[in-house]
Amino acid sequence: MDRVNRLIYIGLVTVLTAACNPSTQKNKKEMTTDLKKTGMVEITTFKLKKGVFIKDFEKAALSMQKEFLEKQNGFLKRTLSVSQDSIWTDVVCWADQQSFEKTSALAEKSILVLPFMEKIDFKSVKINLNTPIIIEE
């Protein structure tokens, strides 16, 4: 390793070590690897269909969450956000993968979900299922 790369490496290690050191973290919540809290995280990105008004979509998303999603076994929490380039990210935390799979199957047939789903451009949808490693408490 040449001298410059070595200095860069040492600098990165120093920064990461300081950032992860609890004594340098004032007013930060502790992190844990307790997988019992969240067994699976579903991260879905998508765009809306052309002509869909954001307010209409937000209303449909909230209604779907309150009337359908929150009533499903294994549902823990949800965050829906949008980027500046109009890519939406829907993050749903599940107790386990089976809860996600069962809810997905029910959603396909539910009239409570339809007003939400019909506003999404399905060609843009990407779904990732993740196992949480560190959970902030």
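Refer to the structure printed above.
Now for a look at the structure at hand.

The rules behind these values
- Residues numbered from 1 in each chain as written.
- Predicted model: local features only at pLDDT ≥ 70, side-chain atom pairs only at ≥ 80, totals over all residues.
- Heavy atoms only, no water.
- Helix = DSSP H or I, 4+ residues; strand = E, 2+ residues; numbered from the N terminus.
- Buried < 20%, exposed > 50% of the residue type's maximum accessible area, 1.4 Å probe, protein only.
- Contact = heavy atoms within 4.5 Å.
- Phe/Tyr/Trp six-rings, centres within 6.5 Å; stacked < 30°, edge-to-face > 60°.
- Expected span 1.5 Å × (residues − 1).
- Arc of directions from axis to C-beta.
- Polar contact = N/O pair within 3.5 Å; in protein donor to acceptor, adjacent residues only side chain to side chain.

Attention shifts here to the overall build of the chain. Check the secondary structure of the chain and you find four helices and six strands. Counting from the amino terminus, helix and strand elements in the chain follow one another as α-β-β-α-β-β-α-α-β-β. For the chain, the residues scored as buried account for 26% of the 137 residues in total. The contacts of the chain with a sequence gap of at least 6 include a subset with a gap of at least 24, amounting to 75%.

With that settled, consider the packing of aromatic side chains. Counted according to the given criterion, the structure contains six aromatic pairs. Note on F57 and F116: the rings are 5.3 Å apart at their centroids and 25 degrees apart in plane angle, and the pair reads as stacked. With a gap of 59 residues between them, F57 in helix 2 (residues 54–67) and F116 in helix 4 (residues 114–117) connect regions that are remote in the sequence. Each member of the pair, F57 together with F116, is buried.

We now examine helix 2. Side chains of residues three or four places apart in an α-helix project in the same direction, reflecting 3.6 residues per turn. With 14 residues, helix 2 extends 20 Å from end C-alpha to end C-alpha; this agrees with the ideal 20 Å at 1.5 Å per step. Against the buried residues of helix 2 lie strand 2 (40–48), strand 3 (75–82), strand 4 (88–94), helix 4 and strand 5 (120–130).

As a further point, take the environment of K77. Secondary-structure assignment places K77 in strand 3. K77 gets classed as exposed once you look at its relative accessible area, which sits at 52%. Residues K77 and V92 lie 15 residues apart in sequence; the distance between their C-alpha atoms is 5.8 Å. Residues in contact with K77, not counting those within four places in the same chain, are V91, V92 and C93.

So, about helix 3 (residues 97–107). Looking at helix 3, one finds that the buried residues are S99, F100, T103 and A107. Projected down its long axis, helix 3 shows its buried positions confined to an angular sector of 100 degrees, all on one face. Summarising the geometry of helix 3, the exposed residues directed more than 90 degrees from the buried face are Q98 and K102. Buried positions along helix 3 lie against strand 2, strand 4 and strand 5. The N-cap of helix 3, judged by a side-chain oxygen 3.2 Å from the amide nitrogen of Q98 a few residues on, is D96.

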